[in-house]
Amino acid sequence: MDSQVIATHPEEHAEHEHSPYLRHHFANLEQQRETSTFGMWLFLLTEIMFFGGLFCAYLIYRNWYYPAFVAGSHQLSIALGATNTAVLICSSFTMAMAVYSSEMRWRKALVGWLLATIVLGGVFLGIKAVEYREKWEKRHVPGLNFSAAGFTHQDPNYPEDKPLAPDMAEKTQVYFSLYFAMTGMHALHMIIGVSILIILVIRAWGGAYTQGHMTTVENFGLYWHFVDIVWIFLFPLLYLISRHQ
Amino acid sequence: MSEETHAQEILDTEPTHHEEHIVGPRVYGIIFGLLMLFTAITVGASYIDMYAFNAVVALAIACIKAVLVILFFMHVKYSSRLTKLTVAAGFFTFVVLITMTMTDYISRAWGLW
Amino acid sequence: MSTIVMLPDQQTASLPKRSYLNEEYGLKSWLLTGDHKRIAILYLISITIFFFIGGFFAGMIRLELLTPPSDLMAADTYNKMFTMHGIIMVFLFLVPSVPATIGNFLIPIMVGAKDLAFPKINLLSWYLYVLGGILVLAALTLGGVDTGWTFTTPLSTHYLNTHVITAGLAIFVAGFSSIFTGLNFIVTIHRMRAPGMTWFRLPLFVWSHYAASVLMVLGTPVLAITLVLVILERVIGIGVFDPAKGGDPLLFQHLFWFYSHPAVYIMILPGFGVISEVISTFSRKRVFGYTAVAFSSVAIAVFGFFVWAHHMFIMGVSNYSALVFSLLTMLVAVPSAIKIFNWSFTLYKGSITFETPMLYAFGFIGLFTIGGLTGVFLGSMGMDIHLTETYFIVAHFHFVMVGGMLMAFLAGIHFWWPKMTGRMYPEGISKLAALTTFIGFNLTFFPQFILGYLGMPRRYAAYPPEFQVLNVLSTAGATVLGVGYVLPLLYLAWSLKYGKIAGSNPWQATGLEWQIQSPPLTTNFVETPVVDYEAYDYEWLANKTKHEVQTVG
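Residues numbered from 1 in each chain as written. Chains lettered and ligands numbered in written order. Predicted model: local features only at pLDDT ≥ 70, side-chain atom pairs only at ≥ 80, totals over all residues. Heavy atoms only, no water.

**Describing the overall build of chain B**
- Assigned secondary structure in chain B consists of four helices and zero strands.
- Moving toward the C terminus, one meets the helices and strands of chain B in the order α-α-α-α.
- For chain B, the residues scored as buried account for 42% of the 113 residues in total.
- Long-range pairs, those at least 24 residues apart, make up 57% of the contacts in chain B with a sequence separation of at least 6.
- If you sum the accessible surface of chain B, you get close to 6300 Å²; carbon and sulfur atoms cover 73% of it. (Helix = DSSP H or I, 4+ residues; strand = E, 2+ residues; numbered from the N terminus. Buried < 20%, exposed > 50% of the residue type's maximum accessible area, 1.4 Å probe, protein only. Contact = heavy atoms within 4.5 Å. Areas by Shrake-Rupley, 256 points an atom, 1.4 Å probe, with all protein chains shown as cover.)

Put into structure tokens, the structure is as follows:
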């Protein structure tokens, strides 16, 4: 009885009452959609700070051990890194098109674009695996099989580079620690993303996101683009900016 | 009192009605092209020796690319002020983390006073 | 001016036939629930369990410190005791204490919504909490951790053979539980407010939870990545914090305290919210300077990110940087002081009554003020070098966390107990418990200020004999404090069956939560409320009541 003392509010959105997607505690679908998108953005906010700690560490150590970071980054392949950047940008484009297809309610187009995104994500992870294997063979994995021997004498690919002093050569471990921590965390996000994409494709084939309820696809798109942005920064930091020093 | 109502106005203008804005393939295509172009530029720039400016140029291009993705692929350009504020809050805190930590690392070498 | 509202006699009230408690029955209906009120109860039960486990360790610490030599347990065991005490109390009790229980129960009701924005994520958050708790218990039963709750590197990564990885994982998981709670609150407060519930009509409880949630969402991920790096360093030996490989242990401290200093505000801000509600209700006055109190919560949240290095003054950070952090630390004192002054002005010329929640609130104001001011001592560099790593700092944060936060938690539990369960707690014995807690607390922790000032270091099982008198006082106080905490557990459990029926608004309070039945329906409101009055508007309540009496009678 007490709750009726407060002025009552006529249900304005009665027509939405029976939408199968509307959960009971929202007034209407629009509120539900905005709420979940805002929630997704807040989640991405936590992701910014999650990677933020790593970027902060990278900045500090690069200033401390500049020669070691330069020498370390010369061991990465720009060609593979650039290819991966292009692959990831393509996958962001296909994901954006998937969201558009969902908005347009084109079921087959949606499935197609999502599949393309999965393939591109897989290609990225494949290239990353090739790079990791190369690091393993060169004995550049800190803690597991690291050897600084390669950095104490002249690298034939970089004739201008002077060999590092033994103590600075040891510091390349910090570079590779951060390399593996950053790209590893990024790859983990990609693996999670591809796994979710597989579920999305199966459900999209059944027509789940092409009947007016597309929030899931849209929010997943935000996640995928965020992972892309992380790579957009990792690529120059790890591969490019030390080319000439 | 007037300040209070003013602040109230600001906080209460969060749009409760969100205009659906569908971004089309044309915009996506243009942005995709720009992103690929910038990737090519940044890779090319890394082969030119610009001393300290290599890092500046590479990071500036990365920022431009990130902004393009955020504004268009992630629809922030067409989103509510709340979303924009959320994105800004994230980057603000990130900057706080970096700058306040750097106050220590930059001045550690200055020694005692 | 205060307005005394006379409500119709609550003595004749009866329990409502339908409520969230009897909507469904059975264990499954609780473990798979999406209802924020049931999840709050789940949280309440689990944090109470962990509180008493953590309390047991505190008891063992105090018992060991009764005599100067380390005679009750070996020094290693003592290290494990205070580590487990710290980890459990900080991550499994204080961080989720008010937000996940009282906040979870009340925030949707206070903003006029049927539930939190993401009920499933809310449930997931509880499961993550339980998983984190199980991992902590696993670390405990496998042999414990002895790094201290701060996981200081390289001690934690290289020199200890205890279960650091398990404990680190536990905190990683529990951290995500806290992120999801915070995320849910922010979205709910932004997007789920009832018509007419503007930002400046929100109760201050909601404002302070909003500020705390922002800290949870922005701070916790940094702790998560730091723990990931510590675990990676321990498992495969990467070199981010390892000085032998070129890493900087101080970077760990920076990243750790970037979360753990704001975490202090994550713990205390929700307590501020409880105190605002309690003080206003039992003074029958609107909180003095509502806008100032609301914005001071936000200010604390923002400043909270700029001060973390004051935990590191003696660790080798640069002097210049320490100076900046010290100055910024002084700034945080300002919004906290604004709150204390505004609560005092709320009391001025109020019609004050001394129910149990109010007693706890008074305890809070006094003890938090002492805790906060000693924090200013510790934030000034010269004093810090003398006092840090002594019992002074132990006393300081126990005054804030136990004297402040735990008092606020108990105030909140007593204040909203009638709403949660529909029954009153017994007033007489609960006043006794509040008094016991206050006396026991001061007896336990005040001597520690003196001990620390005299130079007794923290984290040692043994101490020189001249410190014994004060240590005995402290241990005696801990016993009294323990009684003060067991009492509420007993009489609140008793009141579930035998307590007086509360009625919907036993305190004549104005919040939306008091205008619905207690315990509430699963959907909280019969119809979506329209809010047309300011928070703490006792005139409105008086008019409403008069109207009600006229129409009913």
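Next, the rest of the story.
**Description of the overall build of chain A**
- Within chain A, the regular secondary structure consists of seven helices and zero strands.
- In sequence order, the secondary structure elements of chain A are arranged as α-α-α-α-α-α-α.
- In summary, chain A has a C-alpha radius of gyration of 24 Å against a globular reference of 18 Å for 245 residues, an excess of more than 25%.
- Expressed along its principal axes, the backbone C-alpha trace of chain A runs to roughly 80 × 45 × 30 Å.
- For chain A, the proportion of its 245 residues judged to be buried stands at 62%.
- Approximately 9400 Å² of chain A is accessible, and the part contributed by carbon and sulfur atoms is 63%.
- Seen as two clouds, the 15 positive and the 19 negative side-chain charges of chain A have centres 11 Å apart. (Rg over C-alpha atoms; globule rule 2.2 N^0.38 Å. Lys, Arg positive; Asp, Glu negative; His and termini not counted. Charge placed at Lys NZ, Arg CZ, Asp CG, Glu CD.)

**Describing the packing of helix 1 (residues 29-64) of chain A against helix 6 (residues 172-205) of chain A**
Residues and elements named next belong to chain A.
- Direction vectors running N to C along helix 1 and helix 6 enclose 165°, while the axes themselves pass 10 Å from each other. As summarised for this structure, helix 1 and helix 6 are arranged roughly antiparallel, according to the angle between their axes. Considering only the axes of helix 1 and helix 6, their crossing is left-handed. Packed against helix 1, whose contacting residues are Glu47, Phe50, Phe51, Leu54, Phe55, Ala57, Tyr58 and Tyr61, the element helix 6 presents Val174, Tyr175, Leu178, Ala181, Met182, Met185, His186 and His189 at the interface.
- Per-class residue counts for the contact of helix 1 with helix 6 are 13 nonpolar, two polar and one charged. (Axes fitted to C-alpha atoms, helices over the stretch in contact; angles between N-to-C directions. Parallel < 35°, antiparallel > 145°, perpendicular 65-115°, else oblique. Left-handed = near helix turned anticlockwise from the far one by under 90°. Nonpolar A, V, L, I, M, F, W, Y, C, P; charged D, E, K, R; others polar.)

**Details of the packing of aromatic side chains**
All names here are of chain A.
- The final tally for this structure, using the stated rule, is 76 aromatic pairs over all chains.
- Centroid distance Phe51 to Phe226: 6.3 Å. Interplanar angle 50°. Geometry classified as tilted. Taken together, the positions of Phe51 in helix 1 and Phe226 in helix 7 (residues 215-240) put the pair 175 residues apart, joining distant regions of the chain.
- What makes Phe51 buried here is its relative accessible area of 4%. (Phe/Tyr/Trp six-rings, centres within 6.5 Å; stacked < 30°, edge-to-face > 60°.)

**Points about the layout of surface pockets**
- Of the voids in this model, the second largest pocket is the one considered here, and its volume is about 1600 Å³.
- Lining the second largest pocket are 50 residues, and of these Met40(A), Phe118(C), Ile121(C), Leu124(C) and Phe180(C) sit closest to its centre.
- Where the lining of the second largest pocket is concerned, the elements lending two or more residues are helix 1, helix 6 and helix 7 of chain A together with helix 5 (119-142), helix 7 (164-191) and helix 8 (204-235) of chain C.
- Of the residues contributing to the lining of the second largest pocket, the split by class is 25 nonpolar, 16 polar and nine charged. (1 Å grid on protein atoms, 1.4 Å probe; cavity = no way out; pocket = protein on both sides within 12 Å on 5 of 7 lines; lining within 4 Å. Points joined across faces, edges and corners; volume = space filled by probe spheres on them.)

**Details of a nonpolar patch on the surface**
All names here are of chain C.
- Where nonpolar side chains cluster on the molecular surface, the patch consists of Ile370, Phe377, Met383, Phe446, Ile450, Tyr453 and Leu454 and spans about 630 Å² of accessible area.
- Elements that contribute at least two residues to the nonpolar patch include exactly helix 12 (356-379) and helix 15 (427-454).
- The dominant element in the nonpolar patch, judged by the number of residues it contributes, is helix 15, at four residues.
- For Phe377, the position within the fold is in helix 12. (Patch = residues over 30% accessible without salt bridge, like charges linked within 9 Å, V, L, I, M, F, W, Y side chains within 5 Å. Salt bridge = Lys/Arg side-chain N within 4 Å of Asp/Glu carboxyl O.)

**Brief notes about helix 2 (residues 25-46) of chain B**
- Taking 1.5 Å per residue, 22 residues should reach 32 Å; helix 2 of chain B reaches 31 Å between its end C-alpha atoms and fits that length.
- Buried within helix 2 of chain B we find Tyr28(B), Ile31(B), Phe32(B), Leu35(B), Phe38(B), Thr39(B), Thr42(B), Val43(B), Ala45(B) and Ser46(B). Considered in projection along helix 2 of chain B, the buried side chains sweep an arc of 160° and stay on one side of the axis.
- Structurally, helix 2 of chain B contributes buried residues whose contacts are with helix 3 (78-104) and helix 7 of chain A together with helix 3 (53-73) of chain B. (Expected span 1.5 Å × (residues − 1). Arc of directions from axis to C-beta.)

**Some points on the domain arrangement of chain B**
Residue and element names in this part refer to chain B.
- Per the domain assignment, the segments making up chain B are domain 1 (22-78) and domain 2 (79-113).
- Summarising the inter-unit geometry, the C-alpha centres of domain 1 and domain 2 are found 23 Å apart.
- Each side of the interface is counted separately: domain 1 has five residues, and domain 2 has six residues.
- Between domain 1 and domain 2 the total buried area reaches about 360 Å² when both faces are included, carbon and sulfur atoms providing 62% of it.
- Area buried by domain 1 at its contact with domain 2 is led by Ile70, Val76 and Tyr78, which between them contribute 82% of it.
- At the boundary of domain 1 with domain 2, the tally comes to zero salt bridges.
- Class assignment for the residues of the side of domain 1 that touches domain 2 results in three nonpolar, one polar and one charged. (Domains from an automatic or database assignment. Buried area = accessible area lost by both parts, 1.4 Å probe.)

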